[in-house]
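Listed here are the chains, written in short residue letters.
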Amino acid sequence: MFKQTLCAAALVAATVPTLAGEIAPGTVLNAANYESLKNETLGGRPLDSLLSDTQRWMIRDKGLAMTLQTQWQAPGLPADLKETSDKYRGQTQLDGANNRISGYTAGIPFPDIDVNDPDAAKKIVWNNYLAGPIGYTSSSDLGFALFSMDRGFERKNSWFYRRLYMSGRYGTAEATLDGGKEHYRQILYAYYPEDIRGLGTVTYRYMDGRLDDIFAYVKSVRRIRRLSGGAWFDPIGGTDLLSDEPWILSGYPGWYKDQKLVEKRWQLMPVGDPKNPGRVKGAKTLAEEYPYIETEHKPFGMPKLHWVPREVYVIEVAPPAEHYYSRKTWYCDVEYPIFHMADNYDKAGNLWKVQFLPRLWTQQDTPEGTKTFGPIQVDYLVNFKDSHVTVVTFVFDSWKFNDPREKPADYVPNILAEIAAGKR
C-alpha cells in the first residue's frame, strides 16, 4: 500500500507543473539567466509575457542586461496638468483622415482613450506630442556621447537646450501666447568642444502642420541663416539620430502617413533612477561620468537601467515614403502620455535601431510653486546595423521648468549671435 501511495505521489508530481517563483527586485536579467528566469513572475506576471520579441532578442543575442523592479512609485499626473485637461475636456477634435486637430487649447487633448476607436493610435500620439507633462518652459544642459559597440567610447559634445511652449501651456494662467498658431519655440546651441562652440539653431514649430522655421548661426561668417524646414527627418550630423527622433517623437504627428494601435499590454519599460545624478560633469573616468551607460565591457554604449512592468499602448507608425525607415513601433505609457521605447525598421523590414527613453517617476517643483513630471536623464539610440550607439545625456541638476521670466522675445534668431558673442 505504501509503495502504491509513493507511486501515485510520484505520478502526480510528474504531471503537475512547478509553481513559478517571484523574481526578487534588483535581479539582473541577462543572456546567462534568461532561460532560468523566463517562467518566473515579476509583480505577479510571467516574466516572458512582459518582453517583446525585440527585447528577447536583445537580451539573448545583443548583450542587453535589465535590472528588474516590480514597480516604481509613480506619482500620478501633475495636478495642474490634470486640472487643465479636465477644464478643456472634449473641446479638441481630430480629423482622422488628415491627422489634424482643431479646438485644442491646453492639457491632454484626448484624455479618454477607447481602444476600439479606429483613431485611437492617432489620439494617443497627439496626447504625447501636446501634453508630455513637462510644463510650459523647459531647459537643460545636454550632450551627445557616441560609442562603437565593439571598440568603446568615441567622442562627446555638449549643448544647451531651451524650449518655450506657445500653446498647450499648463501651470500658468496663459494657456496660449499667440492665439494657438505656434506650438513651441526652441533654442539649441553648442559650447563644447571649442570647434563647434557657438553653433546653434532657433526653431519655430507650428500647430497647423506647416514646416518649421529654422534659423542657424553660422560661426565662420558670423551670420544667421535660414534653413529648410523640410529636413525634419534628416540625420543629425555625426550621430545615429534622425531629426524626428529626440524624445522618440519630434516630428509633427500629421507628417507621418499613419498610426495604428496594435495592442494594449503589460511590458517591461525602462525608468530612470532618482539616485542617479545623470551625466556627471568633471568626472575622472567614463564610468563615473556616465553611470547609466556600459563603458567598460562589450557591447559598449548599452543602457544600464532599471526596468519595470508598465501598461503600454503598442503603436505601429508608417512614415512617409521618403523617410529612412519603413515603419516604427512606439510604446506609450497608458497612465502618462509619454513614450518609453521605439523599434525602427529599415526599408527591407529588418530591425535597424532601438530607442530607449527612461523617465524619472518624480515630480519637480517649479518657480511658480507648481509641479511638473520628473525630467529625463538619458535618451539612447542603439544602431544594430552599424554596431553603434548614440546617447543623448542630460545633467540632472540642470533641468529647469516653468520659468515665468521666459518670453517669446527671448527666442528670436538674433539671440544666437548674442549667445555666440558671450552676451547671454
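In what follows, the structure referred to is the one given above.
Residues numbered from 1 in each chain as written. Predicted model: local features only at pLDDT ≥ 70, side-chain atom pairs only at ≥ 80, totals over all residues. Heavy atoms only, no water.

### Some thoughts on the overall build of the chain
And step 1. Along the backbone of the chain there are seven helices and 22 strands.
And step 2. For 424 residues, the compact-globule estimate of 2.2 N^0.38 gives 22 Å, and the chain sits close to it at 23 Å.
And step 3. When the 424 residues of the chain are sorted by exposure, 53% land in the buried category.
And step 4. Contacts in the chain between residues at least 24 apart in sequence constitute 62% of all its contacts with a sequence separation of at least 6.
And step 5. For the chain, the exposed surface amounts to about 18700 Å²; the carbon and sulfur share of it is 51%.
And step 6. Distance from the positive charge centre (51 side chains) to the negative charge centre (52 side chains) of the chain: 4 Å. (Helix = DSSP H or I, 4+ residues; strand = E, 2+ residues; numbered from the N terminus. Rg over C-alpha atoms; globule rule 2.2 N^0.38 Å. Buried < 20%, exposed > 50% of the residue type's maximum accessible area, 1.4 Å probe, protein only. Contact = heavy atoms within 4.5 Å. Areas by Shrake-Rupley, 256 points an atom, 1.4 Å probe, with all protein chains shown as cover. Lys, Arg positive; Asp, Glu negative; His and termini not counted. Charge placed at Lys NZ, Arg CZ, Asp CG, Glu CD.)

### Here we look at the side chain of Asp 213
And step 1. Residue placement: Asp 213 occurs in strand β11 (residues 213–218).
And step 2. Its relative accessible area of 16% is what places Asp 213 among the buried residues.
And step 3. Within the structure, Asp 213 has its side chain in polar contact with the side chain of Tyr 206 (distance 2.4 Å).
And step 4. Among all residues touching Asp 213, those that are not within four sequence positions of it are Val 202, Thr 203, Tyr 204, Tyr 206 and Arg 226. (Polar contact = N/O pair within 3.5 Å; in protein donor to acceptor, adjacent residues only side chain to side chain.)

### Considerations on the pattern of salt bridges
And step 1. Summed over all chains, the structure comprises 25 salt bridges.
And step 2. The partner of Glu 35 in a salt bridge is Lys 38, with the nearest N and O atoms 3.0 Å apart.
And step 3. For Glu 35, a relative accessible area of 48% gives the class partly exposed.
And step 4. A salt bridge links Glu 289 to Lys 156; the shortest N-O distance between them is 2.8 Å. Linking Glu 289 in helix α6 (residues 286–289) with Lys 156 in strand β8 (residues 152–165), this pair joins segments that are 133 residues apart in sequence.
And step 5. Each of Lys 82, Asp 86, Arg 89 and Asp 112 takes part in one network of salt bridges that share partners. (Salt bridge = Lys/Arg side-chain N within 4 Å of Asp/Glu carboxyl O.)

### What about the environment of Asp 212?
And step 1. Looking at where Asp 212 falls in the secondary structure, it is placed in the loop between β10 (200–206) and β11.
And step 2. Between the C-alpha atoms of Asp 212 and Glu 288, which are 76 residues apart in sequence, the distance is 38 Å.
And step 3. Within polar-contact distance, the side chain of Asp 212 engages the side chain of Arg 205 at 2.5 Å.

### Comments concerning the pairing of strand β21 (residues 388–394)
And step 1. Counting buried residues along β21, seven of its seven residues qualify, which places the element largely inside the surrounding structure.
And step 2. Judged by which residues are buried, β21 turns out to be covered on both faces: His 388, Thr 390, Val 392 and Phe 394 on one side and Val 389, Val 391 and Thr 393 on the other are all buried.
And step 3. Hairpin connection, strand β20 (residues 378–383) to β21: the antiparallel pair is bridged by four residues, and Ser 387 has positive phi, about 50 degrees. (Pairing = 2+ DSSP bridges.)

### Remarks on the nonpolar core
And step 1. Of all hydrophobic cores here, the largest spans 43 residues; its most connected members are Ile 101, Trp 126 and Trp 330.
And step 2. Broken down by secondary-structure element, the contributors of at least two residues to this core are α5 (120–131), β7 (137–148), β8, β9 (182–192), β14 (305–318), β15 (327–333), β16 (339–345) and β21.
And step 3. Top contributing element to this core by residue count: α5, with six residues.
And step 4. With sequence-adjacent residues up to four places away left out, Ile 101 is seen in contact with Thr 92, Gln 93, Leu 94, Phe 110, Trp 126, Leu 130 and Met 207.
And step 5. Of all hydrophobic cores here, the second largest spans 37 residues; its members include Leu 29, Met 149, Tyr 290 and Tyr 292. (Core = buried A, V, L, I, M, F, W, Y, C linked by side-chain atoms within 4.5 Å.)

### Details of the packing of aromatic side chains
And step 1. Enumeration over the complete set of coordinates arrives at 26 aromatic pairs.
And step 2. With a centroid separation of 6.0 Å and 90 degrees between ring planes, the pair formed by Tyr 129 and Tyr 252 is classed as edge-to-face. Here Tyr 129 is found in helix α5, whereas its partner Tyr 252 is found in the loop between β12 (223–227) and β13 (258–271), with 123 residues between them in sequence.
And step 3. Overall, Tyr 252 belongs to the buried group, its relative accessible area being 1%.
And step 4. Measuring from ring centre to ring centre gives 5.6 Å for Phe 147 and Phe 153, while their planes differ by 70 degrees; the resulting arrangement is edge-to-face. (Phe/Tyr/Trp six-rings, centres within 6.5 Å; stacked < 30°, edge-to-face > 60°.)

Keep in mind these values describe shape, not function.
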